[in-house]
Amino acid sequence: MILILTPNTQPDSPIYHQLIGYLDKLPNIQYRVHQEQGVEQLLTEVYLIGSTAALSLDYMTSLPGVERAVRVSEEYRVLGRHHASDPRPSHFDYNGVRFGQDNLNVFAGLCAVDNPAHVEQMLKALRDNGQVCTRMGAYKPRTNPYAFQGHGKTCLPYVFELAGKYGIKVIAMEITHESHMEEILEALHQTGDATGVMLQIGTRNTQNFELLKIVGRQQRFPVLLKRGFGITLDESLNAAEYLASEGNRKVVFGLRGMKTNMGDPHRNMVDFAHVPVVKRLTRMPVCIDPSHSVGTRAAGPDGITDISQVVAQGVIAGANMVLVDFHPDPATALVDGPQALTLPELPYFLEDVAIAREAYEKRVALRQKYADI
């Protein structure tokens, strides 16, 4: 059960202490308090864990400071969409950018940072095309131990400085160890917080539960969690719940294709049909990663690349974020060059995404028109 308190209920107020005093006396019940300071108000939720079946919703709603009580299932307790009238938000704001189930952000950029010149070319192209988000890989987990592992903390200062120069507000950046968070924090401080970072948990670490707990305990950075490439959707959603259960509810769920040769000749089996499923089961915005799903710049007879085709599929299905590889010179890219799109393709790519998004919005409006069927 979740108790949603009246907005701006302060933890030092008499009403709050009265409520906590009552909860302390409930037998076989534990509780966890989550607070989030918005622009205009403080939001407080109390998660009751244990024998809650006997607790009356009406009675719990009548307790001091409680605006609403919601009974939830065991699965996806924090992030789950438990019923249609669930009042909890399905969006969050970070560094001036909204991430929600009702909008769309494009994160085009370098799968792996190679040098300052390429970073600057990429960020300038994004600025010139009205974009404020990007992806930049500093830490690269690789299957081959001899492959390039990323420049790590040495590239962070110039990446962040250039992001600030070109007005980039959020950088999606994968981490593989808790020490990487400290290195990112240090580099941001060194550059005067020139930009923002969305921590990315890659598919190899989806079930690295200790890393999930550590990342979940910090609330400065939002998190993009990619689906595990060899596990079920349910198992991956529970991995996201690990983050939220530790306190960080600013989570985006990423679909990046399933590891199976059934998807050949694509790199992975594209799983973007699960976009509406994730949005129905949870309140998380959903990201699609077409680059790692497809793995090639190959195009069909119509000239449209497979990457653009699957992006359209995901966006028309309601995706809220697109994570896609671009590179000024894919032939020299240190990681995943064959799947990186080129900078001259960026304006076309963004316009194509906008067409798909418009189609989705028209489909939503049409469904609302026929809501009674």
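Residues numbered from 1 in each chain as written. Predicted model: local features only at pLDDT ≥ 70, side-chain atom pairs only at ≥ 80, totals over all residues. Heavy atoms only, no water.

## Some remarks on the overall build of the chain
Put simply, the rule reads: In this text, helices come from DSSP runs of H or I with a minimum length of four residues, and strands from runs of E with a minimum of two, each type numbered from the N-terminal end. With C-alpha atoms as the basis for the radius of gyration, the globule rule is written as 2.2 Å multiplied by the number of residues raised to the power 0.38. Only protein chains enter the calculation, and the probe is 1.4 Å; a residue is then buried if its accessible area is under 20% of its type maximum, exposed if over 50%, and partly exposed in between. By definition in these notes, contact holds between two residues if any of their heavy atoms fall within 4.5 Å. With residues, only the protein chains shown are counted as cover, and all accessible areas are computed by Shrake-Rupley using a 1.4 Å probe. Only four residue types enter the charge count, namely Lys and Arg as positive and Asp and Glu as negative; His and the chain termini do not. Charged groups are reduced to one reference atom each: NZ for lysine, CZ for arginine, CG for aspartic acid, CD for glutamic acid.
Within the chain, the secondary structure is distributed over 11 helices and 15 strands. The C-alpha radius of gyration of the chain comes to 22 Å, within 12% of the 21 Å expected for a compact globule of 373 residues. The principal-axis extents of the C-alpha atoms in the chain amount to approximately 65 × 55 × 35 Å. Here the chain holds 373 residues, and 52% of them are scored as buried. For the chain, the share of sequence-separated contacts (at least 6 apart) that also reach a separation of at least 24 residues comes to 70%. When the accessible surface of the chain is split by element, carbon and sulfur atoms take 52% of a total near 16,700 Å². Each charge class in the chain was averaged separately, 36 positive and 41 negative side chains, and the resulting centres sit 2 Å apart.

## As for the nonpolar core
Grouped burial of nonpolar side chains is what soluble globular proteins tend to show. Just so we agree on the cut-off: By nonpolar core is meant a set of buried Ala, Val, Leu, Ile, Met, Phe, Trp, Tyr and Cys residues that side-chain atoms within 4.5 Å join together.
Formed by 91 residues in total, the largest nonpolar core has its most connected members in Met136, Phe160, Ile184 and Phe349. By residue number, the principal contributor to this core is helix 7 (residues 233-245), which donates six residues. Discounting residues that sit within four places of it in the chain, Phe349 has contacts with Val106, Ser308, Val311, Val322, Val324, Phe326 and Leu341. Within the second largest apolar cluster, 16 residues are counted, among which are Leu26, Ile29, Leu55 and Val66.

## Things to note about the packing of helix 4 (residues 156-165) against helix 5 (residues 178-190)
Under the convention used in this document: Here, axes are lines fitted to C-alpha atoms. For helices the fit covers the stretch in contact, and angles between N-to-C directions go from 0 to 180 degrees. Here the word oblique covers every angle except those under 35 degrees (roughly parallel), over 145 (roughly antiparallel) and from 65 to 115 (roughly perpendicular). Put simply, a crossing is left-handed when the front helix is turned counterclockwise from the back one by less than a right angle, and right-handed when it is turned clockwise. Any residue outside Ala, Val, Leu, Ile, Met, Phe, Trp, Tyr, Cys, Pro, Asp, Glu, Lys and Arg is labelled polar, Gly included; the first ten of those are nonpolar and the last four are charged.
Contact geometry for helix 4 and helix 5: axes closest at 9 Å, N-to-C directions at 50 degrees. Between helix 4 and helix 5, the crossing angle belongs to the class labelled oblique. Both helix 4 and helix 5 take part in a crossing whose hand is right-handed. Residues Leu156, Pro157 and Phe160 of helix 4 form the contact with helix 5, whose participating residues are Glu183, Ile184, Ala187, Leu188 and Gln190. Residues belonging to the contact of helix 4 with helix 5 are distributed by class as follows: six nonpolar, one polar and one charged.

## A look at the side chain of Gln131
Along the chain, the position of Gln131 falls in the loop between helix 3 (116-128) and strand 8 (133-135). According to the relative accessible area criterion, Gln131 is buried, its value standing at 17%. For Gln131, the residues in contact, after removing those within four places along its chain, are Val106, Leu126, Ile168 and Leu350.

## Considerations on the environment of His189
Here His189 shows up in helix 5. On the basis of relative accessibility, which here comes to 66%, the residue His189 falls in the exposed class.

## Focus on the layout of surface pockets
Definition in use: Cavity: a set of points on a 1 Å grid over the protein atoms alone where a 1.4 Å probe fits but cannot get out. Pocket: an open set with protein on both sides within 12 Å along at least five of seven lines, its lining residues, like those of a cavity, having an atom within 4 Å of a point. Grid points are joined across faces, edges and corners, and a volume is the space filled by probe spheres set on the points.
Its boundaries defined by the atoms lining it, the largest pocket holds a volume of some 770 Å³. What lines the largest pocket is a set of 32 residues, among which Glu36, Leu43, Pro89, His91 and Arg249 lie closest to the centre. Secondary-structure elements contributing two or more residues to the lining of the largest pocket are strand 1 (2-5), strand 2 (29-37), strand 3 (42-50) and strand 5 (91-94). No other element matches strand 2, which puts four residues into the lining of the largest pocket. The residue inventory of the lining of the largest pocket, partitioned by class, reads 12 nonpolar, 11 polar and nine charged. Its volume calculated, the second largest pocket comes out at about 380 Å³. As for the second largest pocket, its lining consists of 21 residues, of which Thr203, Arg204, Arg256, Arg267 and His292 are closest to the centre. Looking at side-chain class alone, the lining of the second largest pocket contains four nonpolar, seven polar and 10 charged residues.

Read these as geometric descriptors, not functional statements.
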